[in-house]
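Remarks on the overall topology
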Amino acid sequence: MQGTIARVCMVVAAAILNHPLLFPHENTTLPEQDEDLVARMREHEEMLEMEHARLEKELAQLDSELEETPSDQGFSWYFWSAVSFVIFLAIEMCRADIAEDEIRPVEDEDVISETVSIPPRMMDKNALRNFCDKCTYTSSHENWKVREFVEGFADDLLESLRSMCDREVDMEVGDFIGVGSMFESWKVCQPLMCDLLVPFTPPDPHSFLYHLWCSSSSDIPPDMQCSGTIKVTMFGEDEEACLCGSANLGEDVLCLLHNKNKVVKVNRSPDELLCSSGTHFLAKDQIMRWFQIAVTKAWAGISHKYDFEVTFRSLDAAGALKIRFRSGKVIVLNLIPVVQLEDTDAYFVSYFPSDHNSFPDPYWPLSLAVCERNLLKYLAKRLPQNSCHLHCLQVATFLHRKQLSLTGESALTSYHFKTAMVHLLLSTRTSAWGAASLERRLQDVFSFLQKSLQEKRLYHALIGNRKVPQDIRVPERFRKAEPINLFRSLVLRRKLYAATVRHFQEMLRNAPVLLEEYTPYLSNGC
């Protein structure tokens, strides 16, 4: 009988310990996709219920027998049953802890170990100085020559494009604006890549009407922050348009923008205006198709003047060009069609060269790359002479690019390292960025990014940041907007988050080897 009581105690303890309501937090960590594990747990639970029912019958028979036994013997049986219950409870708790450690998936807190730090060897001043001398300093002259060539070629190409466009029908193309690492003087790795924003405007009598994610009446989904829609309207359809189309100004008043004697075709379909099907919202895919055809024709008109080959790198990116010289040297040129947001330094871009997660039409991502370039110029004038901020960014992005070749793609981009550095520049004193502080500031950048990964939160450097100087033309609506989390996608995508963290940790561990191994070859192009 005592053996039966012990078995009952063990079954009851095991059932309690394995019940999902006992440890709700631990059970929530089980991955939903592990169906085999869930099935085994259900089978185990059913077996326990059957065993529990069978033993209840035996316990009922035992109770009837105990009524016929002396009270001392019944007390002894209850005493030993309680002892047995405590013993088996302790055994089951130990077993449950061991099993949990074996099958428990990696938690977010476990992905980033607090013990991961910047390797001391990487902070060696001689190694960093050697890297900067052979890579960053020697590449500055070559980068300057590349920028000079690209600017001249882009001017010629866009002028040819304008000459072939019909101003009555086609979009009007403006002057390009250089942005990105090449024009911010921190480009360090191959390929030699230049990003040029190419603004365009609609033909008369049309205009653009913008609707941003941060406006009070916005219906843009929350997962498309930092974006907006662009509606193609005619003059007179909104209060911000020209008054000649919406008011009777009299015969003596002449509009300098629109000639009444000039017949303008206004009944144009959305397809003719490069809009999404059935709407008047500007479509990125239509714009890129138009721009690719226009660039092809423009290059055909001037190709006889140049002794190199120009090809499209990607059909999904209209202006992604590859220039190959006879010597084998390659320059990547990204002509990015953009729409300027009113009279500001903010632009709606058709695509990001380094971003594979583009928004669907009709949503256009917003870029403050021009503001960021102006901010770095503004800060450079106030930092110590030969400041280390650009060298920090060069070293960090170099290590990131080299680690990508080892571990594959991750959610981290060079833009995240740049964002981390800008946050540090705005929150620390300018004297801390002297040339002698390179290793300390580099460690600050990595520590800042490591903490951001751990919290899955890295805010945009300009949007919602009151520390940005007023001299930088950041639209006031963006200064007052809620901060944009650049790591928002990592909150729901656990596999991508784990891969990104592994990439970052491996980069820190491999940093000394990457610097030593590749430094001798940096003068030949990183």
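The notes below deal with the structure included here.

Conventions adopted
- Residues numbered from 1 in each chain as written.
- Predicted model: local features only at pLDDT ≥ 70, side-chain atom pairs only at ≥ 80, totals over all residues.
- Heavy atoms only, no water.
- Helix = DSSP H or I, 4+ residues; strand = E, 2+ residues; numbered from the N terminus.
- Expected span 1.5 Å × (residues − 1).
- Buried < 20%, exposed > 50% of the residue type's maximum accessible area, 1.4 Å probe, protein only.
- Phe/Tyr/Trp six-rings, centres within 6.5 Å; stacked < 30°, edge-to-face > 60°.
- Salt bridge = Lys/Arg side-chain N within 4 Å of Asp/Glu carboxyl O.

Brief notes about helix 11 (residues 414-427)
In a regular helix each residue adds 1.5 Å, so 14 residues correspond to 20 Å; helix 11 covers 20 Å between its end C-alpha atoms and thus fits that length. Burial analysis of helix 11 places 11 of its 14 residues in the buried class, which makes it a mostly covered element. Turning to helix 11, its buried residues number three or more, namely His416, Phe417, Lys418, Thr419, Ala420, Met421, Val422, His423, Leu424, Leu425 and Leu426.

A closer look at the packing of aromatic side chains
For any pair of aromatic rings, geometry is given as the distance between the ring centres together with the angle between the planes. With the rule as written, the count across this model stands at 17 aromatic pairs. Considering the side-chain rings of Tyr306 and Phe308, the 5.1 Å spacing of their centres and the 40° angle between planes classify their relative orientation as tilted. Note on Tyr306: relative accessible area 23%, which makes it partly exposed. The class for Phe308 is buried, based on a relative accessible area of 12%. Consider the rings of Phe446 and Phe504, whose centres lie 6.4 Å apart with planes at 65°: the pair is edge-to-face.

Quick look at the pattern of salt bridges
Applying the stated criterion across every chain yields a total of 12 salt bridges. Residue Arg162 pairs with Glu159 through a salt bridge whose shortest N-O separation is 3.2 Å. Taken together, the positions of Arg162 and Glu159, both in helix 6 (residues 125-164) and 3 residues apart, correspond to about one turn of that helix. Accessibility expressed as a relative area gives 47% for Glu159, which makes it partly exposed. A salt bridge links Arg473 to Asp345, with the nearest nitrogen and oxygen atoms 3.8 Å apart. Here Arg473 is found in the loop between helix 12 (438-455) and helix 13 (476-479), whereas its partner Asp345 is found in the loop between strand 8 (330-340) and strand 9 (347-349), with 128 residues between them in sequence.

Points about helix 12
For helix 12, which comprises 18 residues, the first-to-last C-alpha distance of 26 Å matches the rise-based estimate of 26 Å (1.5 Å per residue) to within 8%. Along helix 12, the residues that are buried comprise Leu438, Glu439, Arg441, Leu442, Val445, Phe446, Leu449, Gln450, Ser452 and Leu453. Trailing helix 12 by a residue or two, Lys456 shows a phi angle of about 55°, which is positive.

A closer look at unusual backbone geometry
Backbone torsion omega between Asp204 and Pro205 reads 5°, so that peptide bond is classified as cis. Its location among the elements puts Pro205 in the loop between strand 3 (192-201) and strand 4 (206-212). The omega torsion across Asp361 and Pro362 is 10°, close enough to zero to call that bond cis. Locating Pro362 in the fold gives a position in the loop between strand 9 and strand 10 (364-367). Look at Cys226: it is not a glycine, yet its phi comes out positive at around 60°.

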